[in-house]
Amino acid sequence: MNQRKALISGPTARLLAALMLVVGVASACVGKRDAQGKAKVGADPAASTGDVVAVVPTPLVSVVAQRLSGKLSNVEEFSRAPRKQLAARQAPVALTSSDGQGLSLKRYVARAVVDGPLSHCELHLTFHNAERRQREGRFSLVLPSGATVARFAMKNGDTWMEGEVVEKQRARRVYEDFLHRKQDPALLEVDAGNTFSARVFPIAAESDKEIIVAWSSERTDPAASWTLPLVGLPELELLDVRVFVQSDGAALPPADDLGAGLGSHVDGRQEVVVRREHIQPAVDLEVRPGVLDAGWAALRAGKVAVIRLDAAALSAPERSGDSGNDDGGDIGDNDGADRSAAPFAATVALVDTSASGALAFEVRVRQLEALAARVAKDGGSLRVVAFDQTAEPLWHGDTASLASEAGRDAMAVALRRRGALGATDLGVALALARVQADAAGGAVRVVLFSDGIVTAGERDGSRLVDAVRGLDRHGVVRLDVVTSTAARDDELLGRLVAGNLPRDGVVVHAGVEASAIERLSRRTLGPLDISVDGAAWVWPDRVVGLQADGSVLVWAELKDDDGPLHLRVRGGGEASLQPIARGGDERLLDRAWARARIALLEREHDRGSERVRDALQRKAVALSLQHRVLSRWTSLLILESDADYARYGISRTDRAAILTVGDNGATSLAARDEAEDPGPQTGNKDLLEALGQPTDAPKHIEARRQEAQGDDSVREDSVREDSVREDSVREDSVR
């Protein structure tokens, strides 16, 4: 018997289905997620500190319950399930109580600053507990791709407590000790990929709970919009957004459903404003390139610079002899700036049908249909493998069947019949891909439809990379990934598609538009080796998987404050560029520099021997603490009082070091306090008014400011950056 079917058959399945239907009478279903963030049905969400609460719409609960009980055996019946739920997007922020009920989000107030490729966004969220009892909950946050949490603060009573960046293992020890003392800390950590969560307690009866969370991100493509995720939010009493953009003052395109408009334009900075009451956002806020400063080539502040490298600026490399990068003829050669197509011949599609993809299941079906049409156009064949914690060959079609609507419909029916259930095991999918590639023969392409968040089987990224490399022996020449969910592990997916097979692939995040699949039909450039004259280090120093219309950001720490920039590229494309840099926001550049430096240390840690890994980790932790940039080894911890931090030897961050957004863009909490004196809980006076709060400053603000400025203790002495010398960690030549 199919193992997957065995997992959901018999009395246990019927009992589980009945339980889910009972829960479905309410407005949501409680799911427990493991540490990687995948839903597991029917567990207590408060059982461990690593859990995340998942709220599933009631119609979808009924569909899943009927499938489990065997009542929904007909695929047409499943196809009539509410598609709106299946194609919905997970809410970017939520606060869910321990009984599975989502607390209502009343006010969503956002302040952001965008300078070239860099941005910083801060949310002030007001949730409401309508019940007559104190509750606890779990705050969850899905960040934009590549973003890093910068701030986490929570209001308890009349007091705001700022989260402190703490080494992860130490933070967990403190957190557990606090729980044993029956006190109530909050710990914000990465769950998986770009998702974060934190326990929130107490949530007082019939009252509001206010949370501040901020993140920094980078926009690689100069033609792309800066986006604030809003789709998936409930109806809000107030949506209040102000975005400060370095701009030439160009007008906005016609207003969208959000009613975005232009505010002031002062000193080259344009303000984009949205203020709506009683609205459920149907679209994200997109600040389009017409408003952004799209013409920049490099930003610089002192010795730190970021340079935009466009593939269009590369020339084809001089070649001597065979590149050793031949795929057998079907995919073609990767000659630098060669912009010809990469056709699909024999193709294997690995489709993730785990429970985490339920809300985007129909989107994934349509993406597969688009791939089938493209393979048919190229005269190829397609084998479809569906997987969760198990994998099975689902469908196989040649060019004729792929070209017919009936053939593609049969493929979609088979996928819908399987549905979305279970965990995600990429290892078992890659193992079956080897078998399918052998059956297909020739030069085979593999396309993975998944969010990359692994919750079953092999979870070590390096071993999964090795599994991809092993596909080469079975004729696989390229692996691409298509994602359709907001929560995903871009880091792992990026490692899987590049540098492992004869051709580098790409990771495409898209909906049902055909342009996503079209990107897979284009070649990538060969590996690019990057250097900057006079730089102490460069990140990235090697780029793989760049397409002819793509861009990449290159970070450099220069030895001189005012020397010229000279970027050189060798390998799959060549260039010698001397971009003119304009001044960038020093605060944004500082945070982005720290993120790039930590990314370099993490890479060298993964590559290095045991002898140097500890030292590299300590350096990364020190940078994380100093610049308030979360890494894989740090967390944000909130305790109840300054005395609690002192008890555990955790020094408080000077408010001058905490980045926020004020009336004129990026600033520090201390500078904002001095300029506006609104109290630590506000971004500025208009923010207070938006939240319906008094604008006079709390009496304790000056005392807290003096306390923060007077704290000259050294943070985390054991991991200070200067405790690790460069020459002790350079086994692999960290640059």
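The coordinates are above.
I will try to describe carefully the structure that is included in this document. Here the structure is a predicted model, which is why all the values come from computation and not from measurement.

Here we come to the overall build of the protein chain. On a plain count of helices and strands, the protein chain comes out with 19 helices and 36 strands. The contacts in the protein chain between residues at least 6 apart in sequence include a share of 75% that link residues at least 24 apart. In the form shown here, the protein chain has an accessible surface area of approximately 28,900 Å², with 48% of it arising from carbon and sulfur atoms.

Next up on the list: the sheet that holds strand S19 (residues 298-301). Two orientations exist for strands paired in a sheet by backbone hydrogen bonds: parallel and antiparallel. Pairing within the open sheet is mixed, and its five strands lie in the order S28-S30-S20-S19-S33. Edge strands, defined here as strands with exactly one partner in the open sheet, are strand S28 (535-539) and strand S33 (582-583). Summarising the sheet, S19 and strand S20 (residues 304-310) pair through four bridges and their orientation is antiparallel. Pairing of Arg 300 across the sheet is with Ala 305, part of S20.

The side chains of a regular strand alternate, first on one face of the sheet and then on the other. Within strand S6 (residues 118-129), eleven of the twelve residues are buried, which leaves it mostly tucked inside the rest of the structure. As paired elements, strand S5 (residues 104-115) and S6 share eleven bridges and run antiparallel to each other. Within S6, the position partnered with Tyr 108 by the bridge is Leu 125. In textbook terms, the turn of a hairpin is the stretch between consecutive antiparallel strands, and for S5 and S6 this stretch comprises two residues, one of which, Gly 116, has a positive phi near 60°. For S6 and strand S13 (residues 207-218), the ladder comprises twelve bridges, and the chain directions are antiparallel. Pairing of Glu 122 across the sheet is with Ala 214, part of S13.

Now for the packing of helix H10 (residues 426-440) against helix H11 (residues 461-470). Contact geometry of H10 with H11 gives a least axis separation of 10 Å together with a crossing angle of 10°. In terms of orientation, H10 lies roughly parallel with respect to H11. Residues Leu 426, Gly 427 and Leu 430 of H10 form the contact with H11, whose participating residues are Leu 464, Ala 467 and Val 468. In the contact of H10 with H11, the residues fall into five nonpolar, one polar and no charged.

A few words on the side chain of Glu 162. By the secondary structure assignment, Glu 162 is in strand S9 (residues 159-162). If sequence neighbours within four positions are ignored, Glu 162 has contacts with Arg 151, Phe 152, Ala 153, Leu 637, Ile 638, Tyr 645, Arg 652, Ile 658 and Leu 669.

Now for the packing of aromatic side chains. Evaluated as defined, the whole model comprises three aromatic pairs. Between the aromatic rings of Trp 537 and Trp 593, the centroid separation amounts to 6.1 Å while the plane-to-plane angle is 50°, which identifies the pairing as tilted. One end of the pair, Trp 537, is in strand S28; the other, Trp 593, is in helix H14 (residues 586-607), and 56 residues separate them in sequence. With relative accessibility at 12%, the residue Trp 593 sits in the buried group. One aromatic cluster is present, formed by Phe 127, Phe 139 and Phe 152 through successive ring pairs. Directly above the ring of Phe 344 sits Arg 445, whose terminal nitrogen or CZ lies 4.0 Å from the centroid. Looking at Arg 652, its charged tip hangs above the ring of Tyr 645, at a distance of 4.0 Å from the centre.

Basis of the calculations
Sequence positions are assigned chain by chain, starting from 1 and proceeding in written order. Owing to the predicted nature of the model, reporting of local features is limited to residues with pLDDT of at least 70; listing and counting of side-chain atom pairs is limited to 80 or more, with chain, interface and lining totals taken over all residues. Only heavy atoms go into the side-chain values, all of them from the structure, while hydrogens and water stay out. To qualify as a helix, a DSSP run of H or I must reach at least 4 residues; to qualify as a strand, a run of E must reach at least 2; elements of each kind are numbered from the N terminus. Whether two residues are in contact is decided by their heavy atoms, any of which lying within 4.5 Å being enough. Each accessible area value is a Shrake-Rupley result obtained with a 1.4 Å probe; residue values ignore everything except the protein chains displayed when judging cover. DSSP calls a pair of strands paired once it identifies at least 2 bridges connecting them. Type-normalised accessible area, obtained with a 1.4 Å probe on protein chains alone, sets the label of each residue: buried when under 20%, exposed when over 50%, and partly exposed for intermediate values. Here, axes are lines fitted to C-alpha atoms. For helices the fit covers the stretch in contact, and angles between N-to-C directions go from 0 to 180 degrees. Under this scheme an angle from 65 to 115 degrees is roughly perpendicular, one under 35 degrees roughly parallel, and one over 145 degrees roughly antiparallel; angles in between are oblique. Each residue gets one label: Ala, Val, Leu, Ile, Met, Phe, Trp, Tyr, Cys and Pro are nonpolar, Asp, Glu, Lys and Arg are charged, and the others, such as Gly, are polar. Here the aromatic set is Phe, Tyr and Trp, taking the six-membered ring for Trp, and pairing holds for ring centres within 6.5 Å; pairs whose planes are under 30 degrees apart are stacked, those over 60 apart are edge-to-face, and all others are tilted. Consider the ring centre and the ring normal. A charge sits over the ring if Lys NZ or Arg CZ is within 6 Å of that centre and within 35 degrees of that normal.

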